[in-house]
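Listed here are the chains, written in short residue letters.
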Protein chains: 2
Amino acid sequence: MRVEIRFAASKSSDYNVFIDELEEIVLDGKAAIITNETVAKIHLENIKSKIKAKELYEVVVKDGEEYKNLQTIEYILNELFKMKLDRKSTLIAFGGGVVGDMTGFAASVYQRGINFIQVPTTLLAQVDASVGGKTGVNNSFGKNLIGSFYQPRVVYCESEFLKTLPKREFNAGVAEIIKMAVMFDKEFFYWLEDTDLSDDVNLKEAIAKSIKIKADIVAQDEKESGIRAVLNYGHTFAHVIEQETNYREYLHGEAVAFGIVMANELAINLGLLGQDEADKIEKALQFFSLPTRYKIQDIDSFYSSFFLDKKSSNSKITFILPNHIGNFAIRDSITEEMVKNSLKVFSR
Amino acid sequence: MRVEIRFAASKSSDYNVFIDELEEIVLDGKAAIITNETVAKIHLENIKSKIKAKELYEVVVKDGEEYKNLQTIEYILNELFKMKLDRKSTLIAFGGGVVGDMTGFAASVYQRGINFIQVPTTLLAQVDASVGGKTGVNNSFGKNLIGSFYQPRVVYCESEFLKTLPKREFNAGVAEIIKMAVMFDKEFFYWLEDTDLSDDVNLKEAIAKSIKIKADIVAQDEKESGIRAVLNYGHTFAHVIEQETNYREYLHGEAVAFGIVMANELAINLGLLGQDEADKIEKALQFFSLPTRYKIQDIDSFYSSFFLDKKSSNSKITFILPNHIGNFAIRDSITEEMVKNSLKVFSR
């Protein structure tokens, strides 16, 4: 099965997403693969054999969200300058979401912007991070606070790379698939409940479906002035959890699973979601061994961390909530009291 | 005299340039003025009194091209996060080209992009740097090698700020005006030869004329895939000179003056420019006390530095040359021998 999604994401550029298709990448100019130590060990020779470029280089960075910062960007840029990459060169992001976000950001600022291609090697990156052109790094104030909107030329989603992915990372990717289904597609959610994703055909269908949903949303709202924010379901909470745990304890998808359950609790209290629906969602997450109950130490401090999140415009917090399964609600005037009350369940 | 130029520079945004007009800037959200120590000392209270924002902050950086680097960007970003600027906030670049380039770059990556406004306080920034959306910083490999294309919402060119500008800096700005005239407008060049720019009316006319030329070019080619490169007349040489002298010895406009004379020498040898025309251009530069004869220590090393310049795509150097006064020529296949021969005049 080959799925090709023509993705008119940005006014200035559109691009393709290929699913299960990475025979050969042919590039005119120089190219550099940006990857991390873990992926390099397993797949670097494989990908190198598939890329034809005038000169092909590689930059290998350390593996982990804690290295997703400006220092690593500067390291990558310096390497690219040493290789004398020019404006017609291409970067190839080869790894998970962290590698993709950093490569995209480096590509967007290297000589004021050069081409880049995404070859995501994790489920999370395939279904979510690689599509849509959000790039960036974390800093001490929070996650993805420095970055740009910069679209890749092509995204190749090759399921072969997922075969070596640790189970825990695979499951973290499923969290984003469930997110997409709960927000936009009831049928998809119920299909996911009944379907075995360890079957390759089913998995590819789930990936294709998720990318189509995301592509559709991003095409409507590239810069996230409206509907794109719905993709942040669970993320406002997840970002605080990731900060509190220094990005070390949980994978991004795991933090999102926690966040989804927190958002659901708030949705229940606002009458947007039934307890039975919330239970279904939590059970779906748990089926993939995702953690769902984060222990909040201090509700006040947890709450005040929302305001560092960049989605909080003018000191208002925007919450993305399910409006029953398959629909979303955007709320930016929920009282502090209501939010803190909903969080209480998680502080016991 | 108030000149308003509506500037459709980018597909995604257009903006206005106001000349001699800074009564009040009214902003909805929070705002931060980014400026340097020198400008802050003279004009900060003045500009603050003219800005109405929900909350108004300032970030003062050190003065000088040697601080135009990623470290300063990180410092600025950290300050903005401390101030809790959000996506609806605005940055105001208040200073010369260095402040403008860094503020634009910081604005382009802060939370993936917030608005910014240019209030240039030097002639060079008014006629050139503030218009067109090039942002960025230098690194050890060269000038402006890291950055983005990011357009300001508005540019205010207020001649009041030029009154306190040191003569040397004023003259450096004239180099870019002369550049514009030689490349695009013979009449303008001859007008400049005969006109007293110390007269305020004449100066404003020269500024308006330069901005109009630049706006016209940038509107045709925002990302510099073609004609915009013509604005780099003299700059390929200037960048090497600035690197060799660690950005300390010469102002940018002075380096450009050197570069213009070097480009002219090459143009003469290629039969594009008469010696008499080259003399006229050099005399015009000298009239503003601009240096025109840079002493090259080592032609081979000078030549090899061209290849670090980001305009050199695929190891070819593109030279922008005058094709008589008022017209340009773009050449990317000049032999190494021809270039080095032309440079010999400057190594004696």
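Residues numbered from 1 in each chain as written. Chains lettered and ligands numbered in written order. Predicted model: local features only at pLDDT ≥ 70, side-chain atom pairs only at ≥ 80, totals over all residues.

(A) View of the overall build of chain A. The number of helices and strands found in chain A is 12 helices and 13 strands. Taken over the C-alpha trace, chain A has a radius of gyration of 20 Å; the compact-globule value for 348 residues is 20 Å, and the two agree within 12%. Each principal axis of the C-alpha atoms in chain A carries an extent, and together these give about 60 × 40 × 35 Å. Out of the 348 residues belonging to chain A, those deemed buried represent 50%. In chain A, 73% of the contacts between residues at least 6 apart in sequence involve partners at least 24 apart. (Helix = DSSP H or I, 4+ residues; strand = E, 2+ residues; numbered from the N terminus. Rg over C-alpha atoms; globule rule 2.2 N^0.38 Å. Buried ≥ 20, exposed ≤ 12 C-beta atoms within 10 Å, placed from the backbone. Contact = placed C-beta atoms within 7 Å.)

(B) Spatial organisation of the environment of Glu282(A). Residues and elements named next belong to chain A. With respect to the helices and strands, Glu 282 occurs in helix H10 (residues 275-287). The sequence separation of Glu 282 and Thr 292 amounts to 10 residues, and the corresponding C-alpha distance is 6.9 Å. Setting aside anything within four residues of it in sequence, one finds Glu 282 in contact with Val 261 and Thr 292.

(C) Representation of the relation of the copies chain A and chain B. The transformation that overlays chain A on chain B combines an axial shift of 0.0 Å with a rotation of 180 degrees, and the residual RMSD is 0.0 Å. Taken together, the rotation and translation describe the operation of a two-fold axis. Residue by residue, 100% of the interface of chain A is reproduced at the interface of chain B, so both copies engage with the same surface. (Least-squares fit on C-alpha atoms with pLDDT ≥ 70 in both.)

(D) Up close: the confidence of the model for chain A. On average, residues of chain A score 92 in pLDDT, and 95% of them reach the 70 mark or higher. Two numbers describe this predicted complex: its pTM, 0.88, and its ipTM, 0.87. (pLDDT = per-residue confidence, 0-100.)

(E) View of the packing of helix H5 (residues 167-184) of chain B against helix H6 (residues 186-194) of chain B. Residue and element names in this part refer to chain B. In the contact formed by H5 and H6, the axes pass within 6 Å of each other and the chain directions differ by 140 degrees. Viewed along their axes, H5 and H6 adopt a mutual orientation that is oblique. For the pair H5 and H6, the crossing hand works out as left-handed. Counting all contacts with H5, which are made through Ile 177, Ile 178, Ala 181 and Val 182, the residues of H6 involved are Phe 188, Phe 189 and Leu 192. Its residues assigned to classes, the contact of H5 with H6 comprises seven nonpolar, no polar and no charged. (Axes fitted to C-alpha atoms, helices over the stretch in contact; angles between N-to-C directions. Parallel < 35°, antiparallel > 145°, perpendicular 65-115°, else oblique. Left-handed = near helix turned anticlockwise from the far one by under 90°. Nonpolar A, V, L, I, M, F, W, Y, C, P; charged D, E, K, R; others polar.)

(F) Molecular detail of the pairing of strand E9 (residues 134-139) of chain A. Residue and element names in this part refer to chain A. Counting buried residues in E9 gives five out of six residues, a clear majority hidden from the surface. Where E9 and strand E10 (residues 142-149) come together, five bridges link them in antiparallel fashion. Its bridge partner being in E10, Thr 135 is matched across the sheet by Ser 148. (Pairing = 2+ DSSP bridges.)

(G) Layout of the packing of helix H2 (residues 70-82) of chain A against helix H3 (residues 97-109) of chain A. All names here are of chain A. Closest axis-to-axis distance for the H2/H3 pair is 10 Å, and the angle between their directions is 55 degrees. It follows from the interaxial angle that H2 and H3 lie oblique. Where H2 crosses over H3, the handedness of that crossing is right-handed. Touching Thr 72, Ile 73, Ile 76 and Leu 77 of H2 are Met 102, Phe 105 and Ala 106, all from H3. Within the contact of H2 with H3, the residues separate by chemical class into six nonpolar, one polar and no charged.

(H) Here's a closer look at the pairing of strand E8 (residues 115-120) of chain A. All names here are of chain A. Taking burial as the measure, the six residues of E8 include six buried ones, the bulk of the element. Across the two faces of E8 the burial is the same, with Asn 115, Ile 117 and Val 119 and Phe 116, Gln 118 and Pro 120 all buried. Sheet analysis places strand E7 (residues 90-95) next to E8, joined by six bridges and oriented parallel. In the sheet register, Ile 92 faces E8, and the bridge partner there is Ile 117. Tracing the backbone out of E7, into H3 and back to the parallel element E8 gives a crossover that is right-handed. (Right-handed = clockwise from strand over helix to strand, strands pointing away.)

(I) Main features of the interface of chain A and chain B. Contact with chain A, which involves 30 residues of that partner, is made by 30 residues of chain B. Looking at the side of chain A that touches chain B, the elements that each hand over two or more residues are H2, H3, E9 and E10 of chain A. At five residues, the largest contribution of residues to the side of chain A that touches chain B is made by E10(A). Split by residue class, the side of chain A that touches chain B holds 10 nonpolar, 11 polar and nine charged.

(J) Examining unusual backbone geometry more closely. Residues and elements named next belong to chain A. Although it is not a glycine, Ser 289 adopts a positive phi angle of roughly 55 degrees. If you trace the backbone, Ser 289 turns up in the loop between H10 and helix H11 (299-305). Taking the number of C-beta atoms within 10 Å as the measure of exposure, Ser 289 has 14 and is therefore partly exposed.

(K) A look at the domain arrangement of chain A. Residues and elements named next belong to chain A. The domain boundaries assigned to chain A delineate domain 1 (3-164) and domain 2 (167-344). Just the C-alpha atoms count here: the centres of domain 1 and domain 2 sit 25 Å apart. Contacts between the two partners involve 29 residues from domain 1, matched on the other side by 31 residues from domain 2. Counting residues per element, the side of domain 1 that touches domain 2 draws most heavily on helix H4 (residues 123-129), at five residues. Residues that form the side of domain 1 that touches domain 2 fall into these classes: 16 nonpolar, eight polar and five charged. (Domains from an automatic or database assignment.)

(L) Region of the structure containing the nonpolar core. Formed by 210 residues in total, the largest nonpolar core has its most connected members in Ile34(A), Ala106(A), Ala263(A), Ile34(B), Ala106(B) and Ala263(B). Setting aside residues up to four positions removed in sequence, Ala263(B) forms contacts with Tyr233(B), Gly234(B), Phe237(B), Phe319(B), Ile320(B) and Leu321(B). (Core = buried A, V, L, I, M, F, W, Y, C linked by C-beta atoms within 7 Å.)

(M) Main features of the environment of Asp194(A). Residues and elements named next belong to chain A. Inspection of the secondary structure puts Asp 194 in helix H6 (residues 186-194). A tally of 6 C-beta atoms within 10 Å means that Asp 194 is categorised as exposed. In the structure, Asp 194 is positioned 161 residues away from Ile 33 in sequence and 38 Å away in space, judged by C-alpha atoms.

(N) Here's a closer look at helix H5 (residues 167-184) of chain A. With 18 residues, H5(A) ought to run about 26 Å at 1.5 Å a step, and its terminal C-alpha atoms sit 26 Å apart, in line with that. Among the 18 residues of H5(A), 15 are classified as buried, and the element is accordingly described as predominantly covered. (Expected span 1.5 Å × (residues − 1).)

(O) Seen up close, the environment of Thr164(B). Examined against the element boundaries, Thr164(B) turns out to sit in the loop between strand E11 (154-157) and H5. C-alpha of Thr164(B) to C-alpha of His252(B): the two residues are 88 residues apart in sequence and 19 Å apart in space.

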